[in-house]
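Residues per chain are reported as follows:
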Amino acid sequence: MCACGPCCPGKPNTKKIRIGGQDIGISGFDEIIAKGLELINSSDDDQRNALLAELKVHNYIPGPVEKEYLNAVWEEFKQARAKRLGQVEESYHGISREEIPWYPRVDSEKCNGCGSCVEFCQKKVYVLDDKAVVANPYRCVVSCTGCLIKCPEGALSFPSMVELRDVMKELRKKYGIL
Ligand code: SF4
Ligand code: SF4
């Protein structure tokens, strides 16, 4: 499903996204993302408002969980926005970047919010919200661990190179890439 371009007529347009620990189908997903992208040069608040309005056109969202739904859609939108802005690699060795689970994890128990990782990463993978948050995981350069040594608390971790190698092997097999 394309989330960063015009919708494809006739194709199903529901996407399951993780909300409150469950995979929930969002109807009109492409249209929702497209509404946000129409405002790509506007503020985050404007984009969020546009997403919410369109989300409610296609889905019934009970008031108490509205913010939770919007936040989940916002995460999806940010990836589409980054692609549109050319801030992420679309693929790595012929495989969609979003299929490759390579990005840092922050142990929030250990993180002291110093911001060293945020400052160091030129790809803007992190944002600081009291503690470091991995806001744009797929901007992380596959196999880079540059920020790891910047953390004074040992709060960052990455998959091992062996795990990366195994995932890549499986993906290459899946897509018939030799
Ligand atoms: S590994 Fe590299 S690209 Fe990824 S978050 Fe750290 S500094 Fe940024
Ligand atoms: S460098 Fe480590 S302690 Fe500092 S904000 Fe990043 S994860 Fe947290």
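What counts, and at which threshold
Residue numbers restart at each chain and count upward from 1, following the sequence in its written direction. Written order determines the labels here, with chains lettered from A and ligands numbered from 1. Residues qualify for local features only when their pLDDT is at least 70, as the model is predicted, and side-chain atom pairs are given and counted only at 80 or more; totals for whole chains, interfaces and linings, by contrast, use all residues. Per the annotation, domain bounds derive from an automatic or database assignment of domains. What counts as an axis is a line fitted to C-alpha atoms, over the stretch in contact for a helix, and the angles between N-to-C directions run from 0 to 180 degrees. Here a strand is any run of E in DSSP of at least two residues, a helix any run of H or I of at least four, and the numbering for each starts at the N terminus. Crossings are classed by handedness, with left-handed meaning an anticlockwise turn of the near helix from the far one by less than a right angle and right-handed meaning a clockwise turn. Think of it this way: build a C-beta for each residue from its backbone, and any pair within 7 Å is a contact. Whether a residue is near a molecule or strand depends on its C-beta atom, generated from backbone atoms, being within 6 Å of that molecule or strand. Each residue is assigned to one class: nonpolar for Ala, Val, Leu, Ile, Met, Phe, Trp, Tyr, Cys and Pro, charged for Asp, Glu, Lys and Arg, and polar for all the others, Gly among them. The span you would expect from a helix comes to 1.5 Å times its residue count less one. Labels follow a simple rule on C-beta atoms placed from the backbone: if 20 or more others lie within 10 Å of a residue's own, it is buried; if 12 or fewer, it is exposed; otherwise it is partly exposed.

Draft legend 1. Spotlight on the domain arrangement of the protein. The domain architecture assigned to the protein consists of domain 1 (14–84) and domain 2 (92–174). Between the C-alpha centres of domain 1 and domain 2 there is a distance of 24 Å.

Draft legend 2. Structural view of the packing of helix α2 (residues 44–58) against helix α3 (residues 66–84). Two elements in contact, α2 and α3, have axes separated by 10 Å at closest approach and are oriented at 115°. At the point where α2 passes α3, the crossing takes the right-handed sense. Listed contacts from α3 to Q47, R48, L51, L52 and L55 of α2 are Y69, L70, V73, W74 and F77.

Draft legend 3. Region of the structure containing the site of ligand 1. The full set of residues close to ligand 1 is P104, F120, C121, K123, V125, C140, V141, C144, T145, G146 and C147. Of the residues in the shell around ligand 1, the class split is eight nonpolar, two polar and one charged.

Draft legend 4. Spatial organisation of the site of ligand 2. Surrounding ligand 2, one finds 15 residues, the nearest of these being C111, C114, C117, A132 and C151. Grouping the amino acids of the shell around ligand 2 by side-chain chemistry returns eight nonpolar, four polar and three charged.

Draft legend 5. Just α3, in detail. For α3, which comprises 19 residues, the first-to-last C-alpha distance of 26 Å matches the rise-based estimate of 27 Å (1.5 Å per residue) to within 8%. Looking only at α3, the buried set comprises Y69, V73, F77, Q79, A80 and R81. Those residues of α3 that are buried lie in contact with β1 (14–19), β2 (22–27), α1 (29–38) and α2.

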